[in-house]
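The chain contents come next:
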Amino acid sequence: MKGRRQREILEQGDIDRAVRRIAHEILEKNKGASDLILIGIPTPGPVLARRIKALIEEAEGVSVPAGSLDITFYRDDISKRPKPLPKHTDLPSNIDGKTVVLIDDVLFTGRTIRAALDALMDHGRPSKVQLAVLVDRGHRELPVRADFVGRNIPTGRHEEIHVLLSEMGHDEDKVYITEGEV
Amino acid sequence: MIGNNRHLLDLDTTSAEDIRRILDTAEGMKEISTRKIKKVPTLRGKTVVNLFFEPSTRTRTSFEIAAKRLSADAVNFTASASSTAKGETLLDTAKNLDSMAPDVVVIRHRFSGAPEILARNLDCSVVNAGDGCHQHPTQGLLDLFTVRERKGRLDGLKVSIIGDIAHSRVARSDISGFTTMGAEVFVSGPSTMIPTGIERLGVRVADSFEHALEGADVIIMLRIQLERRSGSLIPTLREYARFFGLNRERLRLARPDALVMHPGPINRGVEISSDIADGPESVILDQVENGVAVRMAVLYLLTGGSDETTD
């Protein structure tokens, strides 16, 4: 990691505006907030889910359930090493017949979302699943597309994107990119 | 891999860090058992062989359920119905199994060290599910998990293990596990059941049963194992129950929030009275439930690579 250049690509204000726009787009596309459930993929998906929940509450005056969904057990690289520690799953309510908005920080290969869809289906049968991401960085390996995108950022295959959010103990929100080959 | 170990043979060579990792992973596994569909695809295509040379219902079923909830294929191999009855040696049985390319072999055997012999000769991971009077590491881990879940910590707790320490592999794994995690472990029982030199494992032999109970946070009652000739070490079961059975009156000596544990199957009225076994202090059924989660964690971690290799 040493010696690799870091470049900030989104700052606090950019992230605020992007999340606010996503919240409004979710309401617009679904014609309101009825039957919506926001589910974040750890980490930091659940943090973004809670922010969007607060923004929807502010805009519409309704409280939308928000939760988190661990995808560790559904990964397709599970025999790679080392084994990741399972994270917290906390689904807010029965998801049958609901519109689930999956929320992730960065959309990259699409493999995380494939795993999340499988994980979700083991918990019930939502009527619709939509995807919201803060950053779409390209390089898809599966036919996955986001419904709501905070920012499209072209990246190199070996660059890394880091999303820091204040709820996770960082001073301020920030998205930066680590450049160069690994 | 658990740390740098491809096998789980005992808890005395398992580090605190590795134990913590297993327990943390087991927390995530526990959620799966609360779902409507109690299955995840994580170990799809992996094969787990349960090789049981000794009768066991609870442990074998627990390993089988653990493997199945992770989508591994679990095959049970019971000695009475197998080639062992036809005179095949342990090593030959093992080599034959190895040719069928399992990923994990779970073994229970009446001889201490049998899992180690397998580990040296097989290409796959080996999990000790109890060997003779030596170790039963997954039982130790589920006891640690149950206590950590209830108490929020392990270090600094007073843990007393009561009964036939000499013949108990559960006691040895509990002693290794709890001392590694910083608990203070006492043992107590009839002097014929306390091996000389047990202090070398880092435990203290209590002066009396009552002394072991005083201020205890955790009381682990061991089963009087008549099948391991425990009977020859005590005059009668009634006398054992009178001097070393846990009842309401004796339990008052322990801390008011003390946990009562037992590896099962319990002999009601011998080492533990029925009102304690079914009482609010008892976490015996939690132990069984947690056993599945802990075994899922062990299978999950062993089928992955080492911590040192990165991708």
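Because the structure is a prediction, the values reported are computed rather than measured.

**A look at the packing of aromatic side chains**
Then step 1. For the structure shown, the criterion picks out three aromatic pairs over all chains.
Then step 2. Ring centres of Phe73 of chain A and Tyr300 of chain B lie 6.1 Å apart, and the angle between their planes is 75°; on these two criteria the pair is classed as edge-to-face. Highlighted residues: Phe73 of chain A in the loop between strand S3 (66-68) and strand S4 (99-107) and Tyr300 of chain B in helix H11 (residues 284-302), drawn from two different chains.
Then step 3. For Phe73 of chain A, a relative accessible area of 2% gives the class buried.
Then step 4. Here the aromatic rings of Tyr240 of chain B and Phe244 of chain B are separated by 5.8 Å at their centres, their planes lie at 25°, and the arrangement is stacked. Highlighted residues: Tyr240 of chain B and Phe244 of chain B, both in helix H8 (residues 237-244), separated by four residues, approximately one helical turn.

**Some words on helix H6 (residues 169-180) of chain B**
Residue and element names in this part refer to chain B.
Then step 1. Under the 1.5 Å per step criterion, the end-to-end length of H6 is 17 Å for 12 residues, consistent within 8% with the ideal 16 Å.
Then step 2. Taking burial as the measure, the 12 residues of H6 include 10 buried ones, the bulk of the element.
Then step 3. Along H6, the residues classified as buried are Arg169, Val170, Ala171, Arg172, Ser173, Asp174, Ile175, Ser176, Gly177 and Phe178.
Then step 4. Between the side-chain oxygen at the start of H6 and the backbone nitrogen of Val170 there is a gap of 3.3 Å, and the oxygen is on Ser168.
Then step 5. Gly182 lies just past H6 and shows a positive phi near 90°.

**What to know about the side chain of Gln130 of chain A**
Then step 1. Inspection of the secondary structure assignment puts Gln130 of chain A in strand S5 (residues 128-136).
Then step 2. With residues up to four places along the chain from it excluded, the contact list for Gln130 of chain A reads Lys29, Asn30, Thr99, Val100, Val101, Leu102, Asp147 and Phe148 of chain A.

**Here we look at the layout of surface pockets**
Residue and element names in this part refer to chain B.
Then step 1. Space inside the second largest pocket adds up to approximately 650 Å³.
Then step 2. Along its surface, the second largest pocket is lined by 31 residues, and Thr59, Arg108, Arg223, Gly264 and Pro265 are the ones closest to its centre.
Then step 3. Elements with a minimum of two residues in the lining of the second largest pocket: helix H2 (58-69), helix H5 (137-151), H6 and H11.
Then step 4. The biggest single contributor to the lining of the second largest pocket is H11, with six residues.
Then step 5. Across the lining of the second largest pocket, the residue classes break down as nine nonpolar, 14 polar and eight charged.

**Brief notes about a negative patch on the surface**
Then step 1. Together, Glu8, Glu11, Asp171 and Glu172 of chain A give the surface a local cluster of negative charge.
Then step 2. Within the secondary structure, Asp171 of chain A is located in the loop between strand S7 (160-164) and strand S8 (174-178).

**Notes on the pairing of S5 of chain A**
Residue and element names in this part refer to chain A.
Then step 1. Burial runs high along S5: seven of the nine residues are buried.
Then step 2. Summarising the sheet, S4 and S5 pair through eight bridges and their orientation is parallel. Bridge pairing in S5 links Asp104 to Val133.
Then step 3. Note that the unit made of S4, helix H3 (residues 111-121) and S5 has a crossover that is right-handed.
Then step 4. Relative to strand S6 (residues 148-152), S5 runs parallel, the two sharing four bridges. Across the sheet, residue Asp136 finds its bridge partner in S6, namely Asn152.

**Looking at the sheet that holds strand S2 (residues 73-78) of chain B**
Residue and element names in this part refer to chain B.
Then step 1. With parallel pairing, the four strands of this open sheet are ordered in space as S2-S1-S3-S4. In this open sheet, the two edge strands, each paired with only one partner strand, are S2 and strand S4 (125-131). The average angle at which neighbouring strand axes cross in this sheet is 15°, direction not considered.

**Remarks on the sheet that holds S6 of chain A**
All names here are of chain A.
Then step 1. One open sheet accounts for five strands, arranged S3-S2-S4-S5-S6; its pairing is parallel. Only two strands of the sheet have a single partner each, and these edge strands are S3 and S6. Each adjacent strand pair in this sheet contributes to an overall mean axis angle of 25°, direction not counted.
Then step 2. On top of the sheet, helix H2 (residues 45-60) reaches strand S2 (36-40), S3, S4 and S5; it is set at about 150° to S2, its chief contact.

**Notes on the pattern of salt bridges**
Residue and element names in this part refer to chain A.
Then step 1. A complete count under the given rule lists 30 salt bridges over all chains for this structure.
Then step 2. A salt bridge links Asp173 to Arg51; the shortest N-O distance between them is 2.7 Å. With Asp173 in the loop between S7 and S8 and Arg51 in helix H2, this pair connects stretches of sequence that are 122 residues apart.
Then step 3. By relative accessible area, which is 1% here, Asp173 ends up buried.

**Overview of the environment of Pro280 of chain B**
All names here are of chain B.
Then step 1. Along the chain, Pro280 turns up in the loop between helix H10 (274-277) and H11.
Then step 2. A relative accessible area of 72% places Pro280 in the exposed class.
Then step 3. Sequence separation between Pro280 and Ala216 is 64 residues, and the spatial gap between their C-alpha atoms is 16 Å.

**Regarding the nonpolar core**
Then step 1. If you look at the biggest cluster of nonpolar residues, it comprises 83 residues, and the most contacted ones within it are Ile39 of chain A together with Met29, Leu141, Val159, Ile161 and Phe178 of chain B.
Then step 2. With 10 residues, H11 of chain B is the largest single contributor of residues to this core.
Then step 3. Leave out the neighbours within four places in its chain, and Ile161 of chain B touches Ala171, Asp174, Ile175, Val185, Phe186, Val187, Ser188, Ile220 and Leu222 of chain B.
Then step 4. Listed in part, the 32 residues of the second largest apolar core include Leu27, Leu55, Val64 and Ile161 of chain A.

**Some remarks on the pairing of S4 of chain B**
All names here are of chain B.
Then step 1. The buried fraction of S4 amounts to seven of the seven residues, a majority that puts the element mostly inside the structure.
Then step 2. Bridge analysis of strand S3 (residues 104-109) against S4 gives five bridges, and the strand direction is parallel. Each bridged residue has a counterpart across the sheet, and for Val106 the counterpart in S4 is Val127.

**Structural notes on the environment of Gly291 of chain B**
Residue and element names in this part refer to chain B.
Then step 1. In this structure, Gly291 sits in helix H11.
Then step 2. Note: C-alpha distance between Gly291 and Asn5 (286 residues apart in sequence) is 21 Å.
Then step 3. Beyond its immediate stretch of four places on either side in the chain, Gly291 contacts Ser62 and Leu142.

What counts as what
- Per chain, the residues get numbers from 1 upward, laid out in the order the sequence is written.
- All chains are assigned letters beginning with A, and all ligands numbers beginning with 1, in the order in which they are written.
- Only residues with pLDDT of at least 70 get local features here, since the model is predicted, and only at 80 or more are side-chain atom pairs given and counted; chain-wide, interface and lining totals rely on the full set of residues.
- Neither water nor hydrogens contribute to the side-chain values; these are computed over all heavy atoms in the structure.
- Note on aromatic contacts: the rings of Phe and Tyr and the six-membered ring of Trp form a pair at centre separations within 6.5 Å, being stacked when their planes are under 30 degrees apart, edge-to-face when over 60 apart, and tilted otherwise.
- We count a stretch as a helix when DSSP gives it H or I for four or more residues in a row; a strand needs E for two or more, and each element gets its number in order from the N terminus.
- Type-normalised accessible area, obtained with a 1.4 Å probe on protein chains alone, sets the label of each residue: buried when under 20%, exposed when over 50%, and partly exposed for intermediate values.
- Working rule for helices: expected span equals 1.5 Å times residues minus one.
- Whenever two N or O atoms come within 3.5 Å, that pair is a polar contact, provided that in protein one can donate a hydrogen and the other can accept it, and provided that, for residues adjacent in sequence, both atoms are side-chain atoms.
- By definition, residues are in contact when any of their heavy atoms lie within 4.5 Å.
- A 1.4 Å probe that fits but cannot get out identifies a cavity on a 1 Å grid over protein atoms alone, an open set with protein on both sides within 12 Å along at least five of seven lines counts as a pocket, and a residue lines either if it has an atom within 4 Å of a point.
- Grid points are joined across faces, edges and corners, and a volume is the space filled by probe spheres set on the points.
- Polar here means any residue outside two lists: the nonpolar Ala, Val, Leu, Ile, Met, Phe, Trp, Tyr, Cys and Pro, and the charged Asp, Glu, Lys and Arg; Gly therefore counts as polar.
- Like-charged residues within 9 Å of one another, or nonpolar side chains (Val, Leu, Ile, Met, Phe, Trp, Tyr) within 5 Å, are grouped into patches, provided each residue has over 30% relative accessible area and no salt bridge.
- With residues, only the protein chains shown are counted as cover, and all accessible areas are computed by Shrake-Rupley using a 1.4 Å probe.
- By salt bridge we mean one thing: a side-chain nitrogen of Lys or Arg within 4 Å of a carboxyl oxygen of Asp or Glu.
- Charged-residue counts in this description rest on Lys and Arg as positive and Asp and Glu as negative, His and the chain ends being excluded.
- Lys charges are placed at NZ, Arg charges at CZ, Asp charges at CG and Glu charges at CD.
- Note on pairing: DSSP must find at least two bridges between two strands before they are called paired.
- Viewed with both strands pointing away, a crossover whose connecting path from the first strand over the helix to the second turns clockwise is right-handed.
- Note on geometry: axes are lines fitted to C-alpha atoms, helical ones only across the stretch in contact, with angles between N-to-C directions running from 0 to 180 degrees.
- Nine residue types can take part in a nonpolar core, namely buried Ala, Val, Leu, Ile, Met, Phe, Trp, Tyr and Cys, and a core is a set of them joined through side-chain atoms within 4.5 Å.

Keep in mind these values describe shape, not function.
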